[in-house]
Amino acid sequence: MKVSVIVTAYNKENYIRKCLESVINQDCNDWELIIVEDGSTDNTKEVIQQFVMPYLENIIYKDRIKLVLHSENKGLNAARNTGLENVSCEFFTFLDGDDYYEPNAISTLLNAYYKTNADLVIGEFTNVDEKTGERDRRSIFDKSFVITENATKKMTKVAFFNQSMNKQRLVNTVAKIFKTAIVKENNLFFDPKVRDFDDMYFNLEYYRHIKTVVYIHKHIYNRRWHMQSMVNQFRPNIYKEMSNSLKEYKRLREKYNFNPELEKHLAFHMIVILLKNGIEDNKNPEKTLKQKIDKFYRFLNREPLREMWNCFTVKDGNTFGTKLKVWAIKNHKLYQYYKLKDFKNKI
């Protein structure tokens, strides 16, 4: 077996079966499956146990499937770390419990490695809107290629890093295979205290220890978009969690020379998350809208978020301002958008 597939699942009872089936039904057998059930409050654990039981009794699969049960919810990053502790293959990859693979996902990633001996193999993913069925298959590049430290005529490692970050292909950990030895030798792990951009932080640390990257222009991973996705969940402790994320961001920014576009990307997503949870937190009805907006403004004025916020203006053509306004219109948050614009004009 060559690749450990780490599946993390918390309250994914409606999605986890298709996720696991997509691993079992791969067109190659070079994988082991590590399932980390993170103390779900729905029937996720029961669905998983029912699914894996026949395979655990099958001589072909029993040594290739590991099921780890958390007695309580520890969070995504703790679940990922549990998965990493159980990896026994040369490579590993992550598969979220509500997503699923194309049948050739693992073989495609492995074949790219066999041809290049790359330290990181990156494929493409498709965003699947569960409500409409729409499939977004946009890619960052129009063809596959290999990047080395000695690249001259071809794209350099730094240029690829910047473009990948801006287009989110290094902001997440899915549709990739990582070398287990690099992670263990450098003691890389996910910080359980950090929730926002945690994938990016892990990738940043991994990226600094590698020499060769291969990008595959093939869509091998399907990422579901639905109201139960983590990005759509209400977060009552948003300001505390965001504070931890900003501390980690500040630490890593001192290590890496983040380009302005990446700063805008991060600022945009942080502010959108704060708008969703900090202002539209209807689960806290005791707070007035004015109190919510005042708290949002105070947090937005903190460093380094203030500095990130200052790297663009709300009149930035098709960049932050336009994106935020379009998002606000789609989500009926124009009032917050104009309050945000007014705030930006005052600082």
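A short tour of the structure in this document, coming up. (Residues numbered from 1 in each chain as written. Predicted model: local features only at pLDDT ≥ 70, side-chain atom pairs only at ≥ 80, totals over all residues. Heavy atoms only, no water.)

1. Some remarks on the overall build of the chain
So, step 1. Looking only at helices and strands, the chain has 13 helices and 10 strands in total.
So, step 2. Burial statistics for the chain: of 347 residues in total, 53% are counted as buried.
So, step 3. Partitioning the contacts of the chain with sequence separation of at least 6, the portion at a separation of at least 24 is 80%. (Helix = DSSP H or I, 4+ residues; strand = E, 2+ residues; numbered from the N terminus. Buried < 20%, exposed > 50% of the residue type's maximum accessible area, 1.4 Å probe, protein only. Contact = heavy atoms within 4.5 Å.)

2. Digging into the pairing of strand β3 (residues 65-70)
So, step 1. Judged from the six bridges that link them, strand β2 (residues 31-38) and β3 form a sheet pairing that is parallel. Bridging across to β3, aspartate 38 finds its partner in histidine 70.
So, step 2. With helix α2 (residues 44-56) bridging β2 and the parallel β3, this β-α-β connection has right-handed handedness. (Pairing = 2+ DSSP bridges. Right-handed = clockwise from strand over helix to strand, strands pointing away.)

3. Points about the packing of aromatic side chains
So, step 1. With the rule as written, the count across this model stands at 14 aromatic pairs.
So, step 2. Both rings, one in phenylalanine 94 and one in phenylalanine 178, keep their centres 6.3 Å apart while their planes meet at 65°; by these two values the pair is edge-to-face. Residue phenylalanine 94 is found in strand β4 (residues 91-96), and its partner phenylalanine 178 is found in strand β9 (residues 176-179); the two are separated by 84 residues along the sequence.
So, step 3. Residue classification places phenylalanine 94 among the buried positions, given a relative accessible area of 2%. (Phe/Tyr/Trp six-rings, centres within 6.5 Å; stacked < 30°, edge-to-face > 60°.)

4. What to know about the side chain of arginine 80
So, step 1. Counting through the fold element by element, arginine 80 comes out in helix α3 (residues 76-85).
So, step 2. Exposure remark for arginine 80: the relative accessible area of 3% places this residue in the buried category.
So, step 3. Not counting residues up to four positions away in its chain, the partners in contact with arginine 80 are Thr8, Phe94, Asp96, Thr173, Phe190, Asp198 and Asp199.

5. Let's talk about helix α1 (residues 16-24)
So, step 1. Turning to α1, its buried residues number three or more, namely Ile16, Cys19, Leu20, Ser22, Val23 and Ile24.
So, step 2. Taken together, the buried residues of α1 touch β1 (3-9), β2, α2, β3, β4 and β5 (100-101).

6. Digging into the packing of α1 against α2
So, step 1. Two numbers describe how α1 lies on α2: the axes approach to 9 Å, and their chain directions differ by 25°. In terms of their interaxial angle, α1 and α2 are classed as roughly parallel. Seen from above, α1 lies across α2 with right-handed handedness. Together, Ile16, Arg17, Leu20, Glu21 and Ile24 of α1 and Thr44, Val47, Ile48, Phe51 and Tyr55 of α2 make up the contact between the two elements. (Axes fitted to C-alpha atoms, helices over the stretch in contact; angles between N-to-C directions. Parallel < 35°, antiparallel > 145°, perpendicular 65-115°, else oblique. Left-handed = near helix turned anticlockwise from the far one by under 90°.)

7. Notes on unusual backbone geometry
So, step 1. Notably, asparagine 11 is not glycine yet its phi reads approximately 55°, a positive angle.
So, step 2. When you line up the elements, asparagine 11 lands in the loop between β1 and α1.
So, step 3. Since its relative accessible area comes to 23%, asparagine 11 is described here as partly exposed.
So, step 4. Positioned with a positive phi, asparagine 187 is a non-glycine residue whose angle comes to about 50°.
So, step 5. A relative accessible area of 58% means that asparagine 187 is categorised as exposed.

8. So, helix α7 (residues 198-207)
So, step 1. Burial analysis of α7 places 10 of its 10 residues in the buried class, the great majority of the element.
So, step 2. Three or more residues of α7 are buried, namely Asp198, Asp199, Met200, Tyr201, Phe202, Asn203, Leu204, Glu205, Tyr206 and Tyr207.

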